[in-house]
Number of protein chains: 2
Amino acid sequence: MHTTHPLDANDPLAAKRAAFSLPDDVIYLDGNSLGVLPAHVPARMQEVVANEWGQSLIRGWNEHNWIDLPQRVGNRIARLVGAAPGTVVACDSTTINVFKVVSAALNLRPDRKVILSDSGNFPTDLYVAGGLAELLDQGHELRVVAPEDVEAAVTDELAVLMLTQVDYKTGRRHDMKALTEKAHAAGALVMWDLAHSAGAFPVDLAGANADFAVGCGYKYLNGGPGAPAFLYVAPEHKNHVRPPMTGWMGHEAPFAFDLDYKPASGVDRMRVGTPPVLSLSALDAALDVFDDVDMGDIRKKSVSLCELFIKEVEARCPDLKLVSPRNEAVRGSQVSFRFKEGYALMQALIANGVIGDFRAPDTVRFGFTPLYISHADVMGAVEKLETILADRLWDRDEFKKRQKVT
Amino acid sequence: MHTTHPLDANDPLAAKRAAFSLPDDVIYLDGNSLGVLPAHVPARMQEVVANEWGQSLIRGWNEHNWIDLPQRVGNRIARLVGAAPGTVVACDSTTINVFKVVSAALNLRPDRKVILSDSGNFPTDLYVAGGLAELLDQGHELRVVAPEDVEAAVTDELAVLMLTQVDYKTGRRHDMKALTEKAHAAGALVMWDLAHSAGAFPVDLAGANADFAVGCGYKYLNGGPGAPAFLYVAPEHKNHVRPPMTGWMGHEAPFAFDLDYKPASGVDRMRVGTPPVLSLSALDAALDVFDDVDMGDIRKKSVSLCELFIKEVEARCPDLKLVSPRNEAVRGSQVSFRFKEGYALMQALIANGVIGDFRAPDTVRFGFTPLYISHADVMGAVEKLETILADRLWDRDEFKKRQKVT
């Protein structure tokens, strides 16, 4: 396995690898599914569990300001996605936040009935938008087109354009600014799902004039399995939106225990129930690794890692067909290939210490997280891939028969 | 301070106190707001963070069966609330679960438009039901009556009767079985919020024939601040309900990534997004303390603690007026008193090591959690209360001026 590579020599992010607890025996190319544990998080969690909860008990809400965790964590994420302070809260799951945000957007466009999305969107976004249309029973339609047809499908029927910026399977990246502009010109609002964007490369929600966004805490933000998600409401909407779930944490005075609901000012109204202090604290701590990082450096290294991987795989593993865009300008921080026995291939790779993932029916997906992946890792992964293909290691019964679970 | 009390001598739960990490210097009568840390949870969380997340990474979904945590934890809670296996999932927040369940119930009664609740319900339940009615814009009405008027207000206009079994302020307990029967006779469905019931005394959802329930993970279940909540769907409804938020974790095959939504069979369809593994694992571990406990023993001790507290406070602190029902049959596991300077009184109590809480405008509330509270604690708390009132310790500027936050 390669332990050094010339492209790692002047990497300004090289030292960051030590900030993560990477298992010794794996090359982890799946940070776009579940981010790696930052090394300081276990001690911080111990402090939160044993002391904040164990010793402060109910006093923790004041002593440790638990109640503001959604905004504090939200503001830290805001910096990474080009959002102003006070426009992002960390809360609930990505799916629930899609529900909240699409509902709020529809309410701002009462005369329009079409939600436009694309077939490259992550299925849960489509499910929840379709379910919302059915729930409302007011004639809304979820219209799903191919990713390349989105621009042409933007018409003045649209209430909301709902897109995931980076396709979870292919890594194809939409042009956020251009599509937002086009939708606005047609009078529609735009929601961006940043699941595969936040922490992966510079995002500029304010510069793109996005109306709403949601995103995931457990991929490139390294918040831990099932970490809280986040949502963004643009400054011009945040005091006008109607949340569909009017919970006490979105009330202007939760602890007055009034019987009548009055929305909090700003993005806080999109909060619903009691914040999950343990998991928000893990995400909060995990975000420390971004404190001294330039997102431009992350992007530069991401492109370099992806380009090297594509070049080497295409040269040495010709049976794999590139699914991701070749042009880095329209690609996120992952590279996917097609292979007819993709599931068995990925099982063999994992058994040999290279962790990526598989997406049905035939895509193997590799995520490149510049904070803890090196060019040497890329070379090591390609080497394993080449060996497995040359020796047809994937063609063993155990890999073809095993039940797919994730 | 009393360190022994004759009523503690034959307490079958006495040994349980050692299963919790109680701070040395406090008498904690607020387990109905935030439960105490079970002593083994920090080590378990360390294992989950450092090993399950840190070492297994994405493989944790299979290796540790994270994906089934909502059902596994749900089944453990089911046992405590008289529900059959496979009818409870642990997920999201209580407020979000109220939204899901009330929406699902309304969908089963399309010709009816009234949601009945009472003014003793926790405000977030009322907010979210009212917000749902507004969101649906289909003529639904949230009707709120006094707790004692609920029975008379059950008519055949009702779609859903939505009640919290134990009043968070007063501890008054509704008769679950009788009200459910009455609502069913009127053709309505019933949802019970068990926030102050689950883990506090025996609940019999199946025996009461309840249709839906929700509850809280961080009060009597000791799951930690903001722990995941739970929801229950009766066996006769669980394959028919339409979830309002149709997320991928409620899909029959989440990892097929189909573009079309098909609900999972059973209560799983009420799940929405990726399960919060860290906080669900904390709740899962916390539930261990119930494994060898008889809920009947918990209730017996709870009544004994509450009766002793009422008797002693009424004898020694006549300025406090009992708000909770005197009859234990209609009381939960808390006791509340009214005092005009209740906020300052509670601040003085907390400063003197007795932690209860305050609910506006003038109620001081004391929760009795039999797993870790003794009769000696009750006597110690009353002694402090008596001293503070005799010395007018509450009448100091600092206690009257401090800003109320929780």
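Small disclaimer: the values here were computed from a predicted structure and weren't measured.

**Q** Just give me the short version of the overall build of chain A, but keep the residues and values in it.
**A** Across its full length, chain A carries 13 helices and 13 strands. Taking 22 Å as the expected radius of gyration for a compact globule of 406 residues, we find that chain A reaches 22 Å, a close match to that expectation. Principal axes of the C-alpha set define a box for chain A whose edges measure 70 × 55 × 40 Å. Relative to its 406 residues, chain A shows a buried fraction of 65%. Within chain A, contacts between residues separated by at least 24 positions form 73% of all contacts whose residues are at least 6 apart in sequence. Carbon and sulfur atoms make up 49% of the accessible area of chain A, which amounts to about 13500 Å² in all. In chain A, 42 side chains carry a positive charge and 53 a negative one; their mean positions are 2 Å apart.

**Q** Break down the interface of chain A and chain B for me, with residues and values.
**A** Taken together, the contact between chain A and chain B spans 82 residues of the former and 81 residues of the latter. The contact between chain A and chain B buries some 7200 Å² in all, and 69% of this surface belongs to carbon and sulfur atoms. In terms of surface lost to chain B, no three residues of chain A exceed W53, Y127 and F257 of chain A, which account for 12% of the buried area on that side. Across the contact surface, chain A and chain B share two salt bridges. Listing elements by their share of the side of chain A that touches chain B, those giving two or more residues are α1 (41-56), α2 (60-63), α4 (94-108), α5 (123-136) and α9 (277-286) of chain A. The dominant element in the side of chain A that touches chain B, judged by the number of residues it contributes, is α1 of chain A, at 10 residues. Looking at the side of chain A that touches chain B, its residues break down into 47 nonpolar, 25 polar and 10 charged.

**Q** Talk me through the domain arrangement of chain A; I want residue IDs and the actual numbers.
**A** All names here are of chain A. According to the domain assignment, chain A consists of domain 1 (6-39 + 294-401) and domain 2 (44-290). Domain 1 and domain 2 are separated by 29 Å when their C-alpha centres are compared. Between domain 1 and domain 2, the buried area comes to about 2100 Å², and carbon and sulfur atoms account for 60% of it. Taken together, the links from domain 1 to domain 2 amount to zero salt bridges. At the surface where domain 1 touches domain 2, the tally comes to 14 residue pairs in polar contact (both at pLDDT 80 or more). Contributions of two or more residues to the side of domain 1 that touches domain 2 are made by α10 (295-316), β10 (334-338) and β13 (363-367). Of the residues forming the side of domain 1 that touches domain 2, the biggest block, four residues, is contributed by α10. Split by residue class, the side of domain 1 that touches domain 2 holds 16 nonpolar, 12 polar and six charged.

**Q** I'd like to hear about the packing of aromatic side chains, residue by residue, with values.
**A** In the structure shown here, the tally under the stated rule is 31 aromatic pairs over all chains. With a centroid separation of 5.0 Å and an interplanar angle of 55 degrees, the aromatic rings of F309 of chain A and F368 of chain A are classed as tilted. Taken together, the residues F309 of chain A in helix α10 and F368 of chain A in the loop between β13 and α12 (375-390) connect sequence positions 59 residues apart. With 4.9 Å between their ring centres and 55 degrees between their planes, F309 of chain B and F366 of chain B make a pair best called tilted. Here F309 of chain B, found in helix α10 (residues 295-316), pairs with F366 of chain B, found in strand β13 (residues 363-367); they are 57 residues apart in sequence, far enough to count as distant. With relative accessibility at 0%, the residue F309 of chain B sits in the buried group.

**Q** Give me the lowdown on the relation of the copies chain A and chain B, citing residues and values where you can.
**A** Structural alignment of chain A on chain B gives an RMSD of 0.0 Å, achieved by rotating through 180 degrees and translating 0.0 Å along the axis. Look at the turn and shift together and you get a two-fold axis relating the two. Take the interface residues of chain A: 99% of them recur as interface residues in chain B, which is what a same-surface contact looks like.

**Q** Outline α10 of chain A, listing residues and values.
**A** Taking 1.5 Å of rise per residue, the 22 residues of α10 of chain A would be expected to cover 32 Å, and the 31 Å separating its terminal C-alpha atoms lies within 8% of that figure. Between a side-chain oxygen at the N-terminus of α10 of chain A and the backbone nitrogen of G296 of chain A the separation is 2.6 Å; the capping residue is D294 of chain A.

**Q** Give me the UniProt feature "binding site: pyridoxal 5'-phosphate" (unreviewed entry) in chain A: which residues, what numbers.
**A** UniProt tags T94, T95, F122, P123, T124, D125, T164, D193, H196, Y218, W248 and T274 of chain A as "binding site: pyridoxal 5'-phosphate" (unreviewed entry). The greatest C-alpha distance among the residues just named is 30.6 Å, and with 181 residues of sequence between them they are spread in space as well. If you trace the backbone, P123 of chain A turns up in helix α5. Residues in contact with P123 of chain A, not counting those within four places in the same chain, are Y168 of chain A together with F257 and D258 of chain B. Relative to the elements of secondary structure, H196 of chain A occurs in the loop between β6 (189-193) and α8 (205-208).

**Q** Let's hear about α9 of chain A: which residues, and what values?
**A** The element α9 of chain A is largely enclosed, with a buried count of 10 among its 10 residues. Residues of α9 of chain A that are buried include every one of V277, L278, S279, L280, S281, A282, L283, D284, A285 and A286 of chain A, and no others. The secondary structure elements touched by the buried residues of α9 of chain A are α1, α2, α3 (69-80) and β2 (88-90) of chain A together with α9 (277-286) of chain B.

**Q** Give a description of unusual backbone geometry that names residues and reports values.
**A** Cis geometry marks the peptide bond from A360 of chain A to P361 of chain A, where omega comes out at 0 degrees. Along the chain, the position of P361 of chain A falls in the loop between β12 (357-359) and β13. Residue L57 of chain A is not a glycine yet carries a positive backbone phi of 50 degrees. Among the secondary structure elements, L57 of chain A is positioned in the loop between α1 and α2. The phi angle at D137 of chain B is positive, at roughly 55 degrees, despite the residue not being glycine. Topologically, D137 of chain B is positioned in the loop between α5 (123-136) and β4 (141-145).

**Q** Give a description of the packing of helix α3 (residues 69-80) of chain B against α9 of chain B that names residues and reports values.
**A** All names here are of chain B. Contact geometry of α3 with α9 gives a least axis separation of 10 Å together with a crossing angle of 25 degrees. Taken as axis vectors, α3 and α9 run roughly parallel relative to one another. Here α3 and α9 pass one another in a crossing that is left-handed. Residues L69, P70, V73, R76 and I77 of α3 form the contact with α9, whose own contacting residues are V277, L280, S281, L283 and D284. When its residues are assigned to classes, the contact of α3 with α9 shows seven nonpolar, one polar and two charged.

**Q** Explain the sheet that holds strand β5 (residues 158-164) of chain B to me, using residue names and the numbers behind them.
**A** Residues and elements named next belong to chain B. A sheet is described by the order of its strands in space; here seven strands give the open sequence β2-β8-β7-β6-β5-β3-β4, paired in mixed fashion. Taken across any chain shown, the strands that pair with only one partner, and hence form the sheet edges, are β2 (88-90) and β4. On average, each strand axis in the sheet is tilted by 15 degrees relative to the strand beside it, whichever way the strands run. One ladder, built from five bridges, connects β5 with strand β6 (residues 189-193); its direction is parallel.

**Q** An account of the side chain of N222 of chain A is requested, with residue identities and associated values reported.
**A** All names here are of chain A. Its place among the elements puts N222 in the loop between β7 (212-215) and β8 (230-233). Overall, the relative accessible area of 1% leaves N222 in the buried class. A polar contact is formed between the side chain of N222 and the backbone oxygen of Y220, at a distance of 3.4 Å.

**Q** Account for the sheet that holds β12 of chain A, with residues named and values stated.
**A** Residues and elements named next belong to chain A. The four strands lie next to each other as β9-β10-β13-β12, forming an open sheet whose pairing is antiparallel. Edge positions in the open sheet fall to β9 (321-322) and β12, since each of these has one partner strand only. Pairing analysis gives three bridges linking β12 to β13, with the strands arranged antiparallel. By the bridge assignment, R359 is partnered in β13 with T363. Sheet contacts for α10: β9, β10 and β13; angle to β10, the most-contacted strand, approximately 20 degrees.

What counts and how
Residues numbered from 1 in each chain as written. Chains lettered and ligands numbered in written order. Predicted model: local features only at pLDDT ≥ 70, side-chain atom pairs only at ≥ 80, totals over all residues. Heavy atoms only, no water. Helix = DSSP H or I, 4+ residues; strand = E, 2+ residues; numbered from the N terminus. Rg over C-alpha atoms; globule rule 2.2 N^0.38 Å. Buried < 20%, exposed > 50% of the residue type's maximum accessible area, 1.4 Å probe, protein only. Contact = heavy atoms within 4.5 Å. Areas by Shrake-Rupley, 256 points an atom, 1.4 Å probe, with all protein chains shown as cover. Lys, Arg positive; Asp, Glu negative; His and termini not counted. Charge placed at Lys NZ, Arg CZ, Asp CG, Glu CD. Buried area = accessible area lost by both parts, 1.4 Å probe. Salt bridge = Lys/Arg side-chain N within 4 Å of Asp/Glu carboxyl O. Nonpolar A, V, L, I, M, F, W, Y, C, P; charged D, E, K, R; others polar. Domains from an automatic or database assignment. Polar contact = N/O pair within 3.5 Å; in protein donor to acceptor, adjacent residues only side chain to side chain. Phe/Tyr/Trp six-rings, centres within 6.5 Å; stacked < 30°, edge-to-face > 60°. Least-squares fit on C-alpha atoms with pLDDT ≥ 70 in both. Expected span 1.5 Å × (residues − 1). UniProt positions renumbered as here; feature names shortened; annotations may be inferred. Axes fitted to C-alpha atoms, helices over the stretch in contact; angles between N-to-C directions. Parallel < 35°, antiparallel > 145°, perpendicular 65-115°, else oblique. Left-handed = near helix turned anticlockwise from the far one by under 90°. Pairing = 2+ DSSP bridges.

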